[in-house]
Amino acid sequence: MANKTANVNARVEEDVKKEAEGILNEMGIPVSVGINMFYRQIIYCHGLPFRPVVPNNTPKALSDMSREEFDARMAAGLADAKAGRGLPVDEAFEQLLDGLVDKAVVNE
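Residues numbered from 1 in each chain as written. Predicted model: local features only at pLDDT ≥ 70, side-chain atom pairs only at ≥ 80, totals over all residues. Heavy atoms only, no water.

Okay, the overall build of the protein next. Assigned secondary structure in the protein consists of 4 helices and 0 strands. Ordered by position in the sequence, the α and β elements of the protein form the string α-α-α-α. In the protein, which comprises 108 residues, the proportion classed as buried is 5%. (Helix = DSSP H or I, 4+ residues; strand = E, 2+ residues; numbered from the N terminus. Buried < 20%, exposed > 50% of the residue type's maximum accessible area, 1.4 Å probe, protein only.)

What follows is the structure in structure tokens.
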């Protein structure tokens, strides 16, 4: 294992820190390992390992959208597909079903 000699000091919101550390603890991952994993993913991805987005109240149903909103969402989806940002349909369904199974187990 590599010798860890560098420190990271960062100021974060207390509630965010507590929640993140609680989740890492439930997973059995020390905070320093979690941070090291995040840094490694930044290196591997040459950027953030996720796409930052601003949550919004995106309409869930077609009936709740204007034609312009629908067209914009379809155009964004097509652009993602052309850029290779997507999953094969079998992988997408597998992830969807895994998520449903996970939620069902949690809710029991």
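Here we take up the confidence of the model for the protein. If pLDDT is low for a region, its predicted coordinates should not be looked at in detail. Mean pLDDT over the protein: 85, with 87% of residues reaching 70 or higher. Helix H1 (residues 14-27) holds the highest mean pLDDT among the elements of the protein, 95, whereas helix H4 (residues 89-107) holds the lowest, 74. (pLDDT = per-residue confidence, 0-100.)

One pass over the full model with this rule turns up 2 aromatic pairs. Note on Phe-38 and Tyr-39: the rings are 6.5 Å apart at their centroids and 55° apart in plane angle, and the pair reads as tilted. By relative accessible area, Phe-38 is classed as partly exposed at 34%. Here Tyr-39 falls in the partly exposed class, since its relative accessible area comes to 40%. (Phe/Tyr/Trp six-rings, centres within 6.5 Å; stacked < 30°, edge-to-face > 60°.)

Let us look at the environment of Phe-70. Its location among the elements puts Phe-70 in helix H3 (residues 67-82). With residues up to four places along the chain from it excluded, the contact list for Phe-70 reads Leu-62 and Met-65. (Contact = heavy atoms within 4.5 Å.)

Taken together, the side chains of Asp-90, Glu-91, Glu-94 and Asp-98 make up a negatively charged region of the molecular surface. Its place among the elements puts Asp-98 in helix H4. (Patch = residues over 30% accessible without salt bridge, like charges linked within 9 Å, V, L, I, M, F, W, Y side chains within 5 Å. Areas by Shrake-Rupley, 256 points an atom, 1.4 Å probe, with all protein chains shown as cover. Salt bridge = Lys/Arg side-chain N within 4 Å of Asp/Glu carboxyl O. Lys, Arg positive; Asp, Glu negative; His and termini not counted. Charge placed at Lys NZ, Arg CZ, Asp CG, Glu CD.)

Take the pattern of salt bridges next. Two side chains that carry opposite charge are able to pair once their charged atoms sit near each other. Counted by the stated rule, this structure contains 5 salt bridges. In this structure, the salt-bridge partner of Asp-71 is Arg-67, at a minimum N-O distance of 3.5 Å. Of this pair, Asp-71 and Arg-67 both sit in helix H3, 4 residues apart, which is roughly one turn of the helix. Here Asp-71 falls in the partly exposed class, since its relative accessible area comes to 38%. Its relative accessible area of 59% is what places Arg-67 among the exposed residues. The partner of Arg-85 in a salt bridge is Asp-80, and the shortest N-O contact between them spans 2.7 Å. Judged by its relative accessible area of 47%, Arg-85 falls in the partly exposed class. Each member of the salt-bridge network shares a partner with another, and the members are Arg-51, Asp-80 and Arg-85.

Now for a nonpolar patch on the surface. A surface patch of nonpolar side chains, amounting to about 590 Å² of accessible area, comprises Val-8, Val-31, Ile-35, Phe-38, Tyr-39, Leu-48 and Phe-50. For Phe-50, the location among the structural elements is in the loop between helix H2 (31-45) and H3. Residue class for Phe-50 comes out partly exposed when judged on its relative accessible area of 46%.

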